[in-house]
Amino acid sequence: MHAKIISLVALMAVPFSCAFAQERLPEKTSFQEAAGWEADYDVRSDVVMVYGVNSSFENRVKLWREKGYNVQFMTGIAWGEYQDYFTGKFDGKTHFEDGQVERNGQTIWHGKDVPYIVPSDAFLTYMKSLIRRVIDAGIDTIFLEEPEFWARAGYSESFKKEWDKYYGFPWQAQHESPEATYLSSKLKYHLYFKALQEVFLYARAYGETKGMKVRCFVPTHSLLNYSSWQIVSPEASLAALEGMDGYIAQVWTGTSREPTYFNGSMKERVFENAFLEYGSMLSMTAPTGRKMYFLSDPIEDRSRTWDDYKKNYQATFTAELMYPSVENFEVMPWPRRIYKGRFPVAGSEERQPISPAYATQMQVMVNSLNAIRASDDSIDGSVGIAVLVANSMMFQRFPTHAGYEDPRLSNFYGMALPLLKRGIPVQTVHMENLGFSESLRQVKVLVMSYANMKPPSRDVHKQLAAWVNNGGVLIYYGRDDDPFQGVKEWWNSNGLNLKRPSDDLFSLLKPDAAKLTDVREQGFACGKGFVFIVRKDPKELVLEKDKDATFLEQVRLAYEEKAKAGKLVFKNHLYLKRGPYDVLAVMDESVSNEPFTVQGPVIDLFDPKLPVLEKKTVACGEQAYLYNLNRITDKDSMLVLASACRVYDEKKTEESYRFVAKSPSNTQNAMRIRLPKAPKAITVINPDGDAAEDAEYTWDAASRTLFLSFRNYSEGVEVEIGF
């Protein structure tokens, strides 16, 4: 049905301040972009993180500011457009010796011109010059992304010099011994911690000279992904770094599709992996109060089909919304790539742009992130079970020694996937944060192993022992026979002479506990708490079929009888009610193949037509994102419930509802609007002042909602609904 046309007042400009005091502007949602503004990818999030410093930098900043964006800055700390530094244009010297180098002498390149970097003092001087230019442009929020040192690197002359400065003895090739591997990883970890600390402190100090309070963030992959991809990065330690304000959790299809083992099968488990990745990121900041943005991406770097992108985008998007304490989002990276790129289509050799339907669906999803708020809601099911992780997970991944392997990080997934696949919203807790009281406050049962990580200090064991004595239940899995047990560390030096770090932990929990071989059934009391020790590595629970039954019974016993936390409920889904939104994932490889049904009326936000459904049934292996009309608090209000645009300048009277809709040009808008009664006239006016001939609408009397569709324009489309 075509809309009737009546005249409207001229489009009013949306008021935005272009002053340098960027913190006064909204920053709930964001995206990063290396190109200048264009109407075709004018996403209308609050923030654009202008990427990289080059000859067009100041002009790009100016263009985005003129369009009303809160302009912030992002670049890589381990790679980027740093040709000036490497070719000698910056200081008259070439710096290719700062590239990360493998054992075979090959430099690891990021792109064609710039290698991954060993962050030397000279490089940090160069980075500070870029930061100075950014602050001079009036930008007071800086994101330095992906502090990455490849585990297979560590053979360059620059790295050897850093080794000598840090350790005070000659460099050791990391492939020669477990200890050399561990020392090499610790140095890589330290170098990027130091790099970020130094650059952030400089940014703060220089900003103060300009009368600006500069904030600094680290966009980074999760600990799980870096461990899986064999990359070393500071990760959780940054949460307590002076001058560091928060993170962006860089989780998307490309990270979450990394195959994992479960029940003897290795395959992609995108939703489950994304859920664990977002959780591991959140656990880095939850006790510290630092800000966290969650990222998802409608496509990915690797060439796949649009159908593949859409399926996995829905999975990762659902996973990020399962954490209701997070309300800040990077809605996408590189919108120009998404809206103007071409990618494969199933069954065709020709690469195609994003389809109108997928673009509409994506815009509905990202615009909902402007509205969704943090809440105290929780996922249904048995909460309070966590797996302990540590940064040292990254230290044992490459190279391997003495024939000990941890395929696909199975020593972690062996503790997590048997629980998650049965509908238990398992958490992760970072060992580095155990000093914060909040880290374990909600945890009833903690599962851990030293097969895949090692404790950074004895304080960790004191903190764990105190938690157990106060009523916590600890389940320890591990044969403790991997070659990293004997690296020269605190548990075998300075007066201690222990073969394994767990010996120290057990001695704090119970005298002579280290001598126990396997106490999985009886365990032992420790103060108000309880401890189980199982002499199996967690990977043994998932590398073969049907090997996790004993583990599940162990967790049940710990949860129900020892922690007295309630009944441990196994199911095949995770379901969260978050304000008016229903977020749902039904998992395969679980306790049943039954679908899950949400009673309506609900709006299906994964459907670009935004249908109102009496109920939504979700099959195994699928997810759903719904707007539940039963949870609208003001039944008589005029409200845009879902839209493939951002709404500005709302004006509500008894006779009409008016607003301006903005979204990337050349895309199709879809809106579901709650109204007090059926409309008598609907007007849609394009930026040129003409009526939108393609505008269509339908009225759903049962839900009192209007579906409205028309072509989007970044300049804005005027809509008036009359009664």
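A quick note: this is a predicted structure, and the numbers were derived from the prediction, not measured.

1. Notes on the overall build of the chain
So, step 1. From N to C terminus, the chain includes 15 helices and 35 strands.
So, step 2. By the compact-globule yardstick of 27 Å for 723 residues, the chain fits well, its C-alpha radius of gyration being 27 Å.
So, step 3. Dimensions of the chain, computed from C-alpha atoms along their principal axes, come out at roughly 85 × 65 × 50 Å.
So, step 4. Expressed as a percentage of its 723 residues, the buried residues of the chain come to 60%.
So, step 5. Partitioning the intrachain contacts of the chain with sequence separation of at least 6 by distance along the chain shows that 74% fall at a separation of at least 24.

2. As for the sheet that holds strand β30 (residues 656–662)
So, step 1. Taken in spatial order, the four strands line up as β29-β30-β35-β32 in an open sheet, and their pairing is antiparallel. Two strands lie at the open edges of the sheet, namely β29 (646–652) and β32 (681–685), each paired on one side alone. Averaged over all adjacent pairs, the angle separating strand axes in this sheet is 15°, with direction ignored.
So, step 2. Two strands pair when backbone bridges link them, and β29 and β30 are joined in this way by five bridges, in the antiparallel orientation. Along β30, the bridge assignment pairs Y648 with V660.

3. Points about the side chain of K454
So, step 1. Among the secondary structure elements, K454 is positioned in the loop between β19 (445–448) and α13 (458–469).
So, step 2. Reaching out from K454, the side chain makes a polar contact with the side chain of D482 at a distance of 3.2 Å.
So, step 3. Setting aside chain neighbours within four positions, we find K454 in contact with Y182, S392, Q396, M431, D482, F484, Q485, W491 and P501.

4. A look at the sheet that holds strand β31 (residues 668–674)
So, step 1. Spatially, β28-β31-β34-β33 is the arrangement adopted by the four strands of the open sheet, whose pairing is antiparallel. Across the chains shown, the open sheet's two edge strands, defined by having one partner strand only, are β28 (639–643) and β33 (696–700). Averaged over neighbouring strand pairs, the angle between their axes works out to 20° when direction is ignored.
So, step 2. With seven bridges joining them, β31 and strand β34 (residues 705–711) adopt antiparallel strand pairing. Across the sheet, N669 pairs through a bridge with F710, a residue of β34.

5. A short note on the layout of surface pockets
So, step 1. Taken as a whole, the largest pocket encloses approximately 1100 Å³ of empty space.
So, step 2. Residue lining of the largest pocket: 41 residues in total, with L282, A286, S325, Q427 and Q442 positioned closest to the centre.
So, step 3. Broken down by element, the lining of the largest pocket gets its largest block of residues, five residues, from helix α8 (residues 270–285).
So, step 4. Residues of the lining of the largest pocket, tallied by class, amount to 18 nonpolar, 15 polar and eight charged.

6. Overview of the packing of helix α12 (residues 410–420) against helix α15 (residues 549–562)
So, step 1. Taken N-terminus to C-terminus, the directions of α12 and α15 make an angle of 75°; their axes are 10 Å apart at the nearest point. Classified by the angle their axes make, α12 and α15 are roughly perpendicular. The residues of α15 that touch α12, namely those facing G414, M415, P418 and L419, are F551, L552 and V555.

7. Focus: unusual backbone geometry
So, step 1. With an omega of -10°, the peptide bond between F398 and P399 qualifies as cis.
So, step 2. Here P399 is to be found in the loop between β17 (385–389) and α12.
So, step 3. Between G600 and P601 the backbone carries a cis peptide bond, its omega angle lying at 10°.
So, step 4. As for its position among the elements, P601 is in strand β25 (residues 596–604).
So, step 5. We note that D480 has phi near 55°; this positive angle belongs to a residue other than glycine.
So, step 6. When you line up the elements, D480 lands in the loop between β20 (473–477) and α14 (501–509).
So, step 7. Residues other than glycine seldom take positive phi values, yet K564 does so here, at roughly 50°.
So, step 8. For K564, the location among the structural elements is in the loop between α15 and β23 (573–578).

8. Considering the environment of M244
So, step 1. Note that M244 resides in the loop between β9 (231–232) and β10 (246–250).
So, step 2. Looking at M244, the relative accessible area reads 3%, which means it is buried.
So, step 3. Along the primary structure M244 and L201 are separated by 43 residues, whereas in three dimensions their C-alpha atoms are 8.8 Å apart.

9. Examining the environment of A661
So, step 1. Structurally, the position occupied by A661 is in strand β30.
So, step 2. Classification of A661 by relative accessible area gives buried; the value is 0%.
So, step 3. Sequence separation between A661 and D649 is 12 residues; the distance between their C-alpha atoms is 8.9 Å.
So, step 4. Beyond its immediate sequence surroundings of up to four residues, A661 is in contact with C645, R646, N669, F710, Y713, G716 and V717.

10. Here's the deal with the nonpolar core
So, step 1. F275, L276, M322, F412 and L509 are the most contacted members of the largest nonpolar core, which totals 204 residues.
So, step 2. Per-element tally for this core: the top contributor is helix α5 (residues 178–209), with 12 residues.
So, step 3. If we ignore the near neighbours within four places in the chain, the residues touching L276 are L224, F412, Y413, A416, L417, L420 and V426.
So, step 4. Formed by 21 residues, the second largest nonpolar core is a distinct cluster that contains F659, A661, L675 and V717.

11. What to know about helix α3 (residues 121–136)
So, step 1. Over its 16 residues, α3 runs 23 Å from end to end, which matches the ideal 22 Å to within 8%, given 1.5 Å per residue.
So, step 2. Those residues of α3 that sit buried are F123, L124, Y126, M127, K128, L130, I131, V134 and I135.
So, step 3. At the C-terminal side of α3, G138 shows a positive phi close to 85°.

12. Details of the pattern of salt bridges
So, step 1. The full count for this structure, using the stated rule, is 47 salt bridges.
So, step 2. Here E268 ties to R304 by a salt bridge, and the two come within 4.0 Å at their closest N and O atoms. Linking E268 in the loop between β12 (265–267) and α8 with R304 in the loop between β13 (291–295) and α9 (306–321), this pair joins segments that are 36 residues apart in sequence.
So, step 3. The closest approach of N and O atoms between E589 and K421, which form a salt bridge, is 2.8 Å. A residue pair is termed long-range when its members are at least 10 positions apart, and E589 in the loop between β24 (581–586) and β25 and K421 in the loop between α12 and β18 (427–430) qualify at 168 residues.

13. Structural notes on the packing of α3 against α5
So, step 1. Packing of α3 against α5 leaves a shortest axis separation of 10 Å and a crossing angle of 35°. When you trace α3 past α5, the crossing you get is right-handed. Contacts between α3 and α5 involve D121, L124, M127, K128, I131, R132, I135 and D136 from the former and K194, A195, E198, V199, Y202, A203, Y206 and G207 from the latter.
So, step 2. Here the residues of the contact of α3 with α5 sort into nine nonpolar, one polar and six charged.

14. Some details on empty space enclosed by the protein
So, step 1. In the structure shown here, the tally under the stated rule is two cavities of 30 Å³ or more.
So, step 2. Taken as a whole, the second largest cavity encloses approximately 50 Å³ of empty space.
So, step 3. Surrounding the second largest cavity, L224, N225, S228, T255, E258, P259, T260, N273, E277, R408 and Y413 form its lining.
So, step 4. Every element with two or more residues in the lining of the second largest cavity is listed here: α6 (223–229) and α8.
So, step 5. Top contributing element to the lining of the second largest cavity by residue count: α6, with three residues.

Cut-offs used in this document
- Residues numbered from 1 in each chain as written.
- Predicted model: local features only at pLDDT ≥ 70, side-chain atom pairs only at ≥ 80, totals over all residues.
- Heavy atoms only, no water.
- Helix = DSSP H or I, 4+ residues; strand = E, 2+ residues; numbered from the N terminus.
- Rg over C-alpha atoms; globule rule 2.2 N^0.38 Å.
- Buried < 20%, exposed > 50% of the residue type's maximum accessible area, 1.4 Å probe, protein only.
- Contact = heavy atoms within 4.5 Å.
- Pairing = 2+ DSSP bridges.
- Axes fitted to C-alpha atoms, helices over the stretch in contact; angles between N-to-C directions.
- Polar contact = N/O pair within 3.5 Å; in protein donor to acceptor, adjacent residues only side chain to side chain.
- 1 Å grid on protein atoms, 1.4 Å probe; cavity = no way out; pocket = protein on both sides within 12 Å on 5 of 7 lines; lining within 4 Å.
- Points joined across faces, edges and corners; volume = space filled by probe spheres on them.
- Nonpolar A, V, L, I, M, F, W, Y, C, P; charged D, E, K, R; others polar.
- Parallel < 35°, antiparallel > 145°, perpendicular 65-115°, else oblique.
- Core = buried A, V, L, I, M, F, W, Y, C linked by side-chain atoms within 4.5 Å.
- Expected span 1.5 Å × (residues − 1).
- Salt bridge = Lys/Arg side-chain N within 4 Å of Asp/Glu carboxyl O.
- Left-handed = near helix turned anticlockwise from the far one by under 90°.

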